[in-house]
Amino acid sequence: MTVRASLISVCMVCVALTALPLSAQQNRVSRVLADARRALDGLPERPLPRTMVIRGKRMALQGSRDLQIRTSRQNLLLSVEIYAEFPDKFVWIEDGGAVMRTVRGFDRQRLITNAPERLAQVLPGQESTSAYALGFITRDVDQLTQIRADFVALTFGLFGRSFPSVPLTFGDIKGGEAANAIGMSTKDGYAATVVFDPVSGLPAWLGTREVVPVGNEIGGQVTRRWVYEDYRAVDARRVPHLVRWMMTASDSSPLFSTSVLTITEYAFNVAIDPKVFKQ
C-alpha cells in the first residue's frame, strides 16, 4: 500500500460532509470515483455481478497491541462465508466451531440474525431480565445498522459504488484533495472517509469515527479503519484478498490491528441457496 502514514490525519466524516463550493469539488469527487471504478472493473466496463460469494478466514487478534508478541493461543480464528444477491440481500456468517457462530445480514429492510433481540429478553433461570442486563443485549435495530455499515465498507472496497439497498451520498471533505480522499454518508447516519491509492486509484482504506460509552457516560470516540490489501484479478475484476481492521481510541496514538480477514475464494454470478437469506 502506497498511502503515506501522514494521511492518518485526514478528517473522519462522522460530522456532516464539509460544505465546499460544488463545482470544482464535485468534479474532483466524480473523477476520483471514476478512477477507482476503472481500476476495480478494468476495461471495457462491465455490469456489476448479480450475486457474490466470498469465503475466507478471519483472525480476531486478542491481547497486546504489539502484534509481534502475539501467539496463536491469543487469537481467535473464524471461518467466514459472505453471500450477496444484489442489490438488497446480504449475509455475513462467521463460525468458530464450539466457540461462537454469528449470522447477520439483511433482506431488504428485514434483519437476518441467529441472535434476535427477542431470544435474549429473558436470561436462563430468570422469570424476567433486569434493566441492567437488558442494557447489554444487542438490539435488532443496532444489528441491522451494523450489518448495513459492514455491507457498505466491504462492497465499496470491491466495486467503488453505491447500491440501492444502502444508498450513499458522496462529497468532498476538508483536506480531501491532498489525501486523494472523499467522504460518504447514508441517510441512517453512517459516515466515512475513503482514501484512494494515488497511483493505482484503488480504494486504500475507509475510516469512521464512532461515539462509544466511557464508564456510564456517552462521549468517548473511537477511530476505526477498514484497510484493503492484496488486490488481485478475479474474473477480470481487481478485488482485495486481505482486509485489515484497525482502530485507536486516541488521536495521538497510532492505529493497531484488531482483526484480519484473509479471503481465499470469490465467486460471482453463481447460484445461491435461497435458504441462506431465510434465517
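Relevant structure appears above.
Residues numbered from 1 in each chain as written. Predicted model: local features only at pLDDT ≥ 70, side-chain atom pairs only at ≥ 80, totals over all residues. Heavy atoms only, no water.

Comments concerning the packing of aromatic side chains
Right, so step 1: Scanning the model with the defined rule gives 15 aromatic pairs in all.
Right, so step 2: Judged by centre distance (5.0 Å) and plane angle (75°), the rings of F90 and F151 are edge-to-face. Taken together, the positions of F90 in strand 3 (residues 89–95) and F151 in helix 3 (residues 140–159) put the pair 61 residues apart, joining distant regions of the chain.
Right, so step 3: Residue F90 is classed as buried on the basis of its relative accessible area, which comes to 0%.
Right, so step 4: For the pair F151 and F163, a centre-to-centre distance of 5.6 Å together with 65° between the ring planes defines the contact as edge-to-face. Within this pair, whereas F151 is found in helix 3, its partner F163 is found in the loop between helix 3 and strand 6 (169–171), the two being separated by 12 residues in sequence. In this structure, F151 and F163 share a single accessibility class: buried. (Phe/Tyr/Trp six-rings, centres within 6.5 Å; stacked < 30°, edge-to-face > 60°. Helix = DSSP H or I, 4+ residues; strand = E, 2+ residues; numbered from the N terminus. Buried < 20%, exposed > 50% of the residue type's maximum accessible area, 1.4 Å probe, protein only.)

Concerning the pairing of strand 4 (residues 101–107)
Right, so step 1: Here strand 3 runs beside strand 4; their pairing, made up of 7 bridges, is antiparallel. Residue K89 lies in a different strand from strand 4, and its bridge partner there is D107.
Right, so step 2: Between the end of strand 3 and the start of strand 4, which pair antiparallel, lie 5 residues, with G97 showing a positive phi angle near 70°.
Right, so step 3: Bridging between strand 4 and strand 5 (residues 110–113) involves 4 bridges; their strand directions are antiparallel. Residue F106 lies in a different strand from strand 5, and its bridge partner there is L111.
Right, so step 4: In this antiparallel pair of consecutive strands, strand 4 and strand 5, the connection spans 2 residues, and R108 shows a positive phi of 60°. (Pairing = 2+ DSSP bridges.)

So, the pattern of salt bridges
Two side chains carrying opposite charge are able to pair once their charged atoms lie near each other.
Right, so step 1: Within the structure shown, the criterion is met by 17 salt bridges.
Right, so step 2: The salt bridge involving E81 is made with R55; its shortest N-O contact spans 4.0 Å. Here the residue E81 occupies a position in strand 2 (residues 76–85), and R55 occupies one in strand 1 (residues 51–60), the gap between them amounting to 26 residues.
Right, so step 3: Across the salt bridge formed by D188 and R148, the nearest N and O atoms sit 3.2 Å from each other. Of this pair, D188 sits in the loop between strand 7 (181–185) and strand 8 (191–196) while R148 sits in helix 3, and the two are 40 residues apart along the sequence.
Right, so step 4: Exposure remark for D188: the relative accessible area of 40% places this residue in the partly exposed category. (Salt bridge = Lys/Arg side-chain N within 4 Å of Asp/Glu carboxyl O.)

Section: the environment of G183
Right, so step 1: If you trace the backbone, G183 turns up in strand 7.
Right, so step 2: Overall, the relative accessible area of 0% leaves G183 in the buried class.
Right, so step 3: Residues G183 and L168 lie 15 residues apart in sequence; the distance between their C-alpha atoms is 9.8 Å.

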